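Topology and contacts: notes
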Amino acid sequence: MTARPLLLLDVDGPLNPYAARLPRPRGYTTTRLHPATWLARQTPGSRSHRRGLRVRLNPAHGAQLTALPYELAWATTWMHEANEMIAPVVGLPADLPVIEWPELFARDPDGLYWKTRPLLKWAAGRPFAWVDDMITDRDTAYVAAHHDAPALLLRIHPRRGLRASDFATLTRWAASH
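Residues numbered from 1 in each chain as written. Predicted model: local features only at pLDDT ≥ 70, side-chain atom pairs only at ≥ 80, totals over all residues. Heavy atoms only, no water.

On to the sheet that holds strand β1 (residues 6-9). Pairing is parallel across the open sheet formed by four strands, whose spatial order is β4-β1-β5-β6. Each edge of the sheet is formed by a strand with only one pairing partner; in this case those strands are β4 (71-74) and β6 (151-155). The sheet shows a mean angle of 20° between the axes of neighbouring strands, direction not considered. Across four bridges, the pairing between β1 and strand β5 (residues 128-132) is parallel. Bridging from a neighbouring strand, Leu9 pairs with Val131 of β5. (Pairing = 2+ DSSP bridges. Helix = DSSP H or I, 4+ residues; strand = E, 2+ residues; numbered from the N terminus. Axes fitted to C-alpha atoms, helices over the stretch in contact; angles between N-to-C directions.)

Structure follows, in structure tokens:
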């Protein structure tokens, strides 16, 4: 039996459509959270530091994601806080594997998204689909040239988050691999 492909999940963009024009897109709830990486960039005691980061999450996404034929893992700057803060709201297990980035927001000498190289190393040759709002054509080309297993890089618009068409794309891709 072959292992299912990985589904590497970013939070901001795919699960949290932070650029949405509506205050609360249909199906989403809005909450304020205090992730450590975000807090570190805020002035202590400031209004934003006290209130927290506004996060829009769709409680239906957990069931939709777990129904997909993938092994889920976090590929987000939220790292382990995704299990603590995001998973309970969307209905995902609170013990998903987490990619621990060696350096957040590191500048890549070739202009790749800073997550791309560490993500490939973490995937360790396994087939994967990666959903993120910052993926570029350069990242897609790099993965195609440097990863021997099948990979789908699915850029999610940060105004819309994951949509039915994205779930359909993920389902089709997994079935073909």
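What follows deals with the environment of Leu170. Note that Leu170 resides in helix α7 (residues 164-176). Separated by 130 residues in the primary sequence, Leu170 and Ala40 have C-alpha atoms spaced 34 Å apart. If we ignore the near neighbours within four places in the chain, the residues touching Leu170 are Leu7, Leu68, Tyr70, Ala129, Val131, Leu152 and Leu154. (Contact = heavy atoms within 4.5 Å.)

It helps to recall that an α-helix has 3.6 residues per turn; residues three or four apart then point in one direction. When we look at burial in helix α5 (residues 116-123), the residues that qualify are Thr116, Pro118, Leu119, Leu120 and Ala123. Looking at the buried residues of α5, the elements they touch are β1, β5 and α6 (137-146). Backbone geometry just after α5 places Ala124 at a positive phi near 50°. (Buried < 20%, exposed > 50% of the residue type's maximum accessible area, 1.4 Å probe, protein only.)

Moving on, we get to the nonpolar core. Counting residues in hydrophobic clusters, the biggest one holds 52 residues, and the most contacted among them are Leu7, Leu65, Trp74, Ile86 and Phe128. Sorting elements by how many residues they give to this core places helix α4 (residues 81-90) first, with five residues. With residues up to four places along the chain from it excluded, the contact list for Trp74 reads Leu9, Val11, Leu15, Ala82, Asn83, Ile86, Ala87, Leu92, Leu96, Pro97, Val98 and Ile99. (Core = buried A, V, L, I, M, F, W, Y, C linked by side-chain atoms within 4.5 Å.)

In this section: α7. When the terminal C-alpha atoms of α7 are compared, their 19 Å separation across 13 residues agrees well with the 18 Å that a helix rising 1.5 Å per residue should span. If you check which residues of α7 are buried, you get Asp166, Phe167, Leu170, Trp173 and Ala174. Angular distribution of buried residues about the axis of α7 spans 130°; they occupy a single face of the element. Facing away from the buried side of α7 by more than 90 degrees, the exposed set consists of Ala164, Arg172, Ala175 and Ser176. In the core, the buried residues of α7 are packed alongside β1, α3 (61-67), β5 and β6. (Expected span 1.5 Å × (residues − 1). Arc of directions from axis to C-beta.)

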